[in-house]
Amino acid sequence: MTRQPWSAFVVAGSVAFGAGMVLLAAGTGSAASAGGDRPRLSVIGASISPPGSAAEVMAVATVRNAGGAPDTLIGVRTDVSTIVMIHEGAGGGMDMVDTVALPPRRTVALAASGRHIMIMQPTRALRPGDLVHLTFVFARSAPLSIDARVTATPGGPPPGHGDHRHGDHGHG
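Criteria and cut-off values
- Residues numbered from 1 in each chain as written.
- Predicted model: local features only at pLDDT ≥ 70, side-chain atom pairs only at ≥ 80, totals over all residues.
- Heavy atoms only, no water.
- Helix = DSSP H or I, 4+ residues; strand = E, 2+ residues; numbered from the N terminus.
- Buried < 20%, exposed > 50% of the residue type's maximum accessible area, 1.4 Å probe, protein only.
- Contact = heavy atoms within 4.5 Å.
- Areas by Shrake-Rupley, 256 points an atom, 1.4 Å probe, with all protein chains shown as cover.
- Patch = residues over 30% accessible without salt bridge, like charges linked within 9 Å, V, L, I, M, F, W, Y side chains within 5 Å.
- Salt bridge = Lys/Arg side-chain N within 4 Å of Asp/Glu carboxyl O.
- Lys, Arg positive; Asp, Glu negative; His and termini not counted.
- Charge placed at Lys NZ, Arg CZ, Asp CG, Glu CD.
- Pairing = 2+ DSSP bridges.
- pLDDT = per-residue confidence, 0-100.
- Polar contact = N/O pair within 3.5 Å; in protein donor to acceptor, adjacent residues only side chain to side chain.

1. As for the overall build of the protein
A tally of helices and strands in the protein yields one helix and ten strands. In sequence order, the secondary structure elements of the protein are arranged as α-β-β-β-β-β-β-β-β-β-β. Scored against the burial criterion, the 172 residues of the protein give a buried share of 35%. Within the protein, contacts between residues separated by at least 24 positions form 73% of all contacts whose residues are at least 6 apart in sequence. On the protein, roughly 9,600 Å² of surface is accessible, and the fraction owed to carbon and sulfur atoms is 58%.

2. Comments concerning a positive patch on the surface
The grouping of Arg38, Arg40, Arg64 and Arg105 at the surface amounts to a positive patch. Counting through the fold element by element, Arg40 comes out in the loop between α1 (5–36) and β1 (41–48).

3. Looking at unusual backbone geometry
Glycine aside, residues mostly have negative phi angles, and peptide bonds mostly take the trans form. Phi at Arg105 is positive, roughly 55°, even though this residue is not glycine. Mapped onto the elements, Arg105 comes out in the loop between β6 (100–102) and β7 (106–110). Even without being glycine, Gln121 reaches a positive phi, approximately 50°. On the basis of relative accessible area, Gln121 is assigned to the partly exposed category, the value being 49%.

4. Brief notes about the environment of Gly68
Tracing the backbone through its elements, the reader meets Gly68 in the loop between β2 (56–65) and β3 (71–78). Spatially, the C-alpha atom of Gly68 lies 5.0 Å from that of Pro104, the residues being 36 residues apart in sequence.

5. Side note on the pairing of β3
Strand direction decides the pairing type here: β3 and β6, joined by three bridges, are antiparallel. Pairing of Thr72 across the sheet is with Ala101, part of β6. Sheet topology places β3 next to strand β9 (residues 131–138); five bridges connect them, and they run antiparallel. Across the sheet, the residue bridging to Val76 is Phe136, located in β9.

6. Examining the confidence of the model for the protein
Where the model shows low pLDDT, its predicted coordinates should not be examined in detail. For the protein, per-residue confidence averages 76 on the pLDDT scale, and 66% of positions sit at 70 or higher. Of the regions scoring below 50 in pLDDT, residues 6–34 engages in zero contacts with residues more than four places distant in sequence or in other chains. Every residue in residues 154–172 scores below 50 in pLDDT, and together they form 43 contacts with partners more than four places removed in sequence or on other chains.

7. Topic: the side chain of Asp71
Of note, Asp71 is situated in strand β3. Separated by 2.8 Å, the side chain of Asp71 and the backbone nitrogen of Arg140 make a polar contact. Excluding residues that lie within four positions of it along the chain, Asp71 makes contacts with Pro39, Leu41, Asn65, Val100, Ala101, Leu102, Phe138, Ala139, Arg140 and Ser141.

8. Regarding the pairing of β1
In terms of strand pairing, β1 meets β2 through six bridges, oriented antiparallel. Following the sheet pairing, Val43 is matched in β2 by Val63.

9. Examining the pattern of salt bridges
All told, the structure shown has one salt bridge when counted by the stated rule. Across the pair Arg124 and Asp130 runs a salt bridge, and its minimum N-O distance is 3.7 Å.

Below, the structure is given as structure tokens:
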């Protein structure tokens with residue numbers, strides 16, 4: 001039996017085509033499943049309350065996880081302080097929290113009346129209209145950086161925030 005010289009190309013081309021189709025199908029499947037198995041985070045509505053004192057300012061924001069997997073907010077950094085904390089509570093019952101759970105397909109508010117961000121000992125005076133760079137750090141996802149505007153709305157820290165001592169939380 002005599003082989004035609006072009007038959008080797010046909011066989012090789014068929015094998016390559018078949019392998020390409022398998023890779024394409026595998027890539028499509030893994031891409032579709034990966035989208036549902038990972039967090040997709042965004043931060044919106046960030047603002048800084050006007051300083052109630054020169055020692056601390058409050059930041060609020062909303063963190064949205066549109067993905068199919070949970071993540072955890074593990075910290076916030078800023079360009080105006082080396083001390084940034086997440087607090088929970090209102091009035092005299094403030095507690096520092098180490099993390100904030102971000103369930104899949106949910107929105108979590110960091111607001112004055114509950115969990116919020118406290119920027120301690122800012123390195124410069126913050127005035128209404130100023131921008132403060134915030135970087136949200138997560139357990140699974142890459143950090144997200146945004147600029148938050150200092151608002152002109154009076155209020156400063158939540159009630160009782162200026163009266164409690166941060167050393168009481170183990171973070172003096």
